[in-house]
Amino acid sequence: MSIDHANEARIAAQALQEGDRKHAMHHAANALFATVGEDTYLTLLHSIAPTIDQIQNLLEGDNSDRLLTAKSVLLHLVGRDHEALPLLAQIANFRRDLAYERWLAPWIASASGTLHAREFANYLLAPTRTNLGRLRLRPAEVRFAARVALVADALLHRQDVGADSTLLSVLSSVYRRAGRLDDAVAAAERSLAVEASFFGYTGLALAERTRRRYDEARAAFEAGAKVDPSAELTVSADLGRIAWEAGDLDDARERFTALSRATPDDPEAKIGAAWLQHARPATGFGATFKRWTTGDSSGQGATFETQVGRPLLPDDTVLIPQPWIGWLPESNDATINTARQVLEKDIDPSGLRMTVSHLEAPSVRLAMAMLQGSTDLGVVNYSASEVPTPDIRLPRTKVPFVLWTYDDNTPSAGLPAPSEEVRAAVDELARLPFYLPRWWDRAKEAGRRLGPARAEELCAAMVHPTLSSEFTPWVWLQRTQIAAALLVAHVDDGWDSSARRRALVSILEGPLDWVVDAAVVALVQLALDEPDHLPAIRSSLELLWDQKPSSGHVCWAEVFAVTYPRLPDVSQHYIQLCEEWLNPPSEGSDYSH
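What counts as what
Residues numbered from 1 in each chain as written. Predicted model: local features only at pLDDT ≥ 70, side-chain atom pairs only at ≥ 80, totals over all residues. Heavy atoms only, no water. Helix = DSSP H or I, 4+ residues; strand = E, 2+ residues; numbered from the N terminus. Rg over C-alpha atoms; globule rule 2.2 N^0.38 Å. Buried < 20%, exposed > 50% of the residue type's maximum accessible area, 1.4 Å probe, protein only. Contact = heavy atoms within 4.5 Å. Areas by Shrake-Rupley, 256 points an atom, 1.4 Å probe, with all protein chains shown as cover. Expected span 1.5 Å × (residues − 1). Salt bridge = Lys/Arg side-chain N within 4 Å of Asp/Glu carboxyl O. Axes fitted to C-alpha atoms, helices over the stretch in contact; angles between N-to-C directions. Parallel < 35°, antiparallel > 145°, perpendicular 65-115°, else oblique. Left-handed = near helix turned anticlockwise from the far one by under 90°. Nonpolar A, V, L, I, M, F, W, Y, C, P; charged D, E, K, R; others polar. Core = buried A, V, L, I, M, F, W, Y, C linked by side-chain atoms within 4.5 Å.

Moving on to the overall build of the protein. Within the protein one finds 29 helices and six strands. Relative to a compact globule of 593 residues, whose C-alpha radius of gyration would be 25 Å, the protein shows 27 Å and is just as compact. The principal-axis extents of the C-alpha atoms in the protein amount to approximately 80 × 75 × 50 Å. Within the span of the protein, comprising 593 residues, buried residues form 55% of the whole. Within the protein, residue pairs in contact and separated by at least 24 positions form 66% of the contacts whose partners lie at least 6 positions apart. For the protein, the accessible area works out to roughly 25,800 Å², and carbon and sulfur atoms hold 49% of it.

What follows covers helix α5 (residues 65-77). Taking 1.5 Å of rise per residue, 13 residues should cover 18 Å, and α5 covers 18 Å from first to last C-alpha, within 8% of that figure. Counting buried positions along α5 yields ten of 13 residues, so the element is predominantly enclosed. Buried within α5 are the following residues: Arg66, Leu67, Leu68, Thr69, Ala70, Ser72, Val73, Leu74, Leu75 and His76. Where α5 is buried, its residues contact α2 (21-33), α3 (42-48), α4 (52-59), α6 (81-94) and α7 (101-110). Glycine 79 sits one or two residues past α5 and shows a positive phi near 85°.

Right, let's talk about α6 for a bit. An α-helical turn contains 3.6 residues, so any two residues separated by three or four positions project in the same direction. With 14 residues, α6 extends 20 Å from end C-alpha to end C-alpha; this agrees with the ideal 20 Å at 1.5 Å per step. The buried fraction of α6 is high, at ten of 14 residues. The complete set of buried residues in α6 reads Asp81, Ala84, Leu85, Pro86, Leu87, Leu88, Ala89, Ile91, Ala92 and Asn93. For α6, the elements touching its buried residues are α5, α7 and α8 (121-124).

Turning to the pattern of salt bridges, a few remarks are in order. Enumeration over the complete set of coordinates arrives at 36 salt bridges. Residues aspartate 569 and arginine 147 are paired through a salt bridge, measuring 3.2 Å at the closest nitrogen-oxygen approach. Placement of aspartate 569 in the loop between α28 (557-563) and α29 (572-582) and of arginine 147 in helix α9 (residues 139-156) is noted, with a sequence separation of 422 residues between them. Since its relative accessible area comes to 11%, aspartate 569 is described here as buried. Taken together, the salt bridges that share partners define one network made up of Asp182, Glu208, Arg211, Arg213 and Glu216.

Of note, the bond from threonine 389 into proline 390 is cis; its omega dihedral lies within 30 degrees of zero at -5°. Mapped onto the fold, proline 390 is located in the loop between β4 (381-386) and β5 (404-407). At arginine 212, a position not held by glycine, the phi torsion is positive, near 65°. Take arginine 212: it is sitting in the loop between α12 (198-210) and α13 (214-227). If you check the backbone angles, aspartate 408 has positive phi at about 60° while not being a glycine.

At a minimum axis separation of 8 Å, helix α20 (residues 362-371) and helix α24 (residues 473-488) run at an interaxial angle of 125°. Viewed along their axes, α20 and α24 adopt a mutual orientation that is oblique. The two elements α20 and α24 meet at a crossing, and its hand is right-handed. Residues Ser363, Leu366, Ala367, Met370 and Leu371 of α20 pack against Pro473, Trp474, Trp476, Leu477 and Gln481 of α24. Taken together, the residues that form the contact of α20 with α24 break down as eight nonpolar, two polar and no charged.

So, about the packing of helix α22 (residues 436-450) against α24. At a minimum axis separation of 8 Å, α22 and α24 run at an interaxial angle of 55°. As judged from the angle between their axes, α22 and α24 are oblique. Pair α22 / α24 crosses with right-handed handedness. Contact residues: α22 offers Leu436, Trp439, Trp440, Ala443, Ala446 and Gly447, while α24 offers Arg479, Ile482, Ala483, Leu486 and Leu487.

This part is about the nonpolar core. Counting 116 residues, the largest nonpolar core has Leu403, Leu486, Trp514, Leu541, Trp556 and Leu567 as the members making the most contacts within it. With 13 residues, the single largest contributor to this core is helix α26 (residues 514-529). The contact partners of leucine 486, leaving out residues within four places of it in the chain, are Leu436, Trp439, Trp440, Ala443, Val521 and Ala522.

Honestly, that's just the spatial picture; any functional story needs more than this.
And the structure:
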């Protein structure tokens with residue numbers, strides 16, 4: 001919920017004039033928190049609590065991020081930067097969605113006294129959260145790292161922290177992720193000049209590998225292994241990735257095969273070894289233009305290449321094991337669980353009567369109709385005892401259109417069937433082996449070709465699917481809906497008044513259904529690729545979570561909990577909620593979902 005900071009400041013000023021400093025501080029802290037990174041209310045804040053004693057008295061016992069922000073700012077204003085800046089860095093690490101670097105960077109640069117480097121480490125490591133193991137980052141990840149790099153710059157030039165070898169290695173990691181590769185190399189070399197450490201060599205090697213200076217990267221990794229012989233296996237894996245990217249598939253194959261034997265539970269090692277066994281270096285005429293060909297088409301390596309749609313890269317080994325990127329989790333609605341048993345036991349579904357405690361998503365009944373060879377929901381004998389609260393049949397806000405309408409508890413499509421051209425575009429994408437980066441890239445071209453005038457028709461395809469014998473009905477429906485949402489995300493390139501925003505928000509804020517799952521997947525991808533729109537998308541997603549039903553099965557909760565944390569600059573509060581949803585406390589806790 002947005003805060004009217006100007007009004008909060010007026011209330012604070014009035015309360016101060018009336019002598020009520022505690023009330024004034026409450027509203028001044030609100031105004032400050034709504035304008036993190038700006039200096040608009042620093043004078044007001046300081047006039048309310050000009051001394052340390054007043055700061056302690058007014059803020060004692062309140063550990064909210066809003067009040068802790070005010071406390072750290074006040075400590076800075078009274079010259080206690082050795083306390084203010086580490087506290088501010090802690091808050092910034094928790095609230096990555098706010099621009100704390102605008103305060104941290106200049107205040108660190110000008111701070112008198114001594115700062116301790118390690119107190120900033122967690123904040124500086126924040127850009128690693130979403131992309132460990134990957135070198136090719138999404139634009140939103142790069143932009144977030146660039147924000148943190150402003151703080152890295154300020155720390156780097158301080159004598160009291162700029163000589164800390166470990167911190168310098170962390171700074172190298174920040175710069176690499178921000179795309180500042182020369183600075184990443186320089187920070188790593190400076191770290192090694194202080195102390196020849198494994199982390200310093202790793203930072204140098206990864207920066208050089210990102211620059212595609214493979215000989216230098218290889219030499220740095222090998223030097224790191226000499227410093228820490230216990231890291232030999234890790235170094236061998238990294239040398240394998242370098243060989244892979246440099247086109248030396250024989251060396252890469254040997255290293256990944258050995259790694260997969262040494263770590264049989266490591267999916268990255270297993271995927272890499274399988275594909276490298278399948279791949280062969282390109283030879284003969286045209287070898288200059290294609291880095292490799294493929295050998296025997298049988299085996300798991302060929303399957304991975306079919307899925308990805310091109311020769312694999314090391315980053316693919318990180319992405320393929322991840323749900324909603326490399327594979328699609330199936331629905332676990334109660335009715336669909338029954339449908340699986342029906343298929344397994346070869347029971348005729350036409351005679352089934354489905355009775356559930358809470359009304360489920362309309363797509364559940366659509367999938368059951370498809371199981372009977374129809375898209376008419378009327379063929380499904382279905383009843384529910386209760387409607388979850390808030391009412392899942394209604395949109396959460398006023399939306400341009402809805403995909404489902406209800407007559408009592410009976411849903412029907414809220415949009416007319418799409419054209420054959422739109423159906424064909426959706427089905428073509430939905431039939432591809434699922435690999436989200438591949439689907440996303442294909443959707444860019446197809447979505448732009450269809451254009452904004454077809455956005456509503458693409459939404460209609462989500463509730464008017466074709467039938468397919470290639471997949472079970474609920475899997476095909478899910479794939480159709482995700483494909484359509486990804487196409488909608490590319491019909492134009494604007495946001496505020498764009499056709500794609502109108503369509504995706506209509507889905508997200510409309511009646512609860514599997515289509516919401518698809519919209520979440522598309523919106524997270526959109527935010528990662530187009531960071532200008534990330535704040536608006538993030539707010540829409542967080543509001544969805546805050547207003548989820550308190551009873552019944554929330555079909556989109558799993559995809560939200562898995563995909564929302566992939567956004568780089570989001571509040572730790574929501575990340576924790578997602579983790580709790582995926583890994584609820586053990587039995588006996590009063591927590592439930």
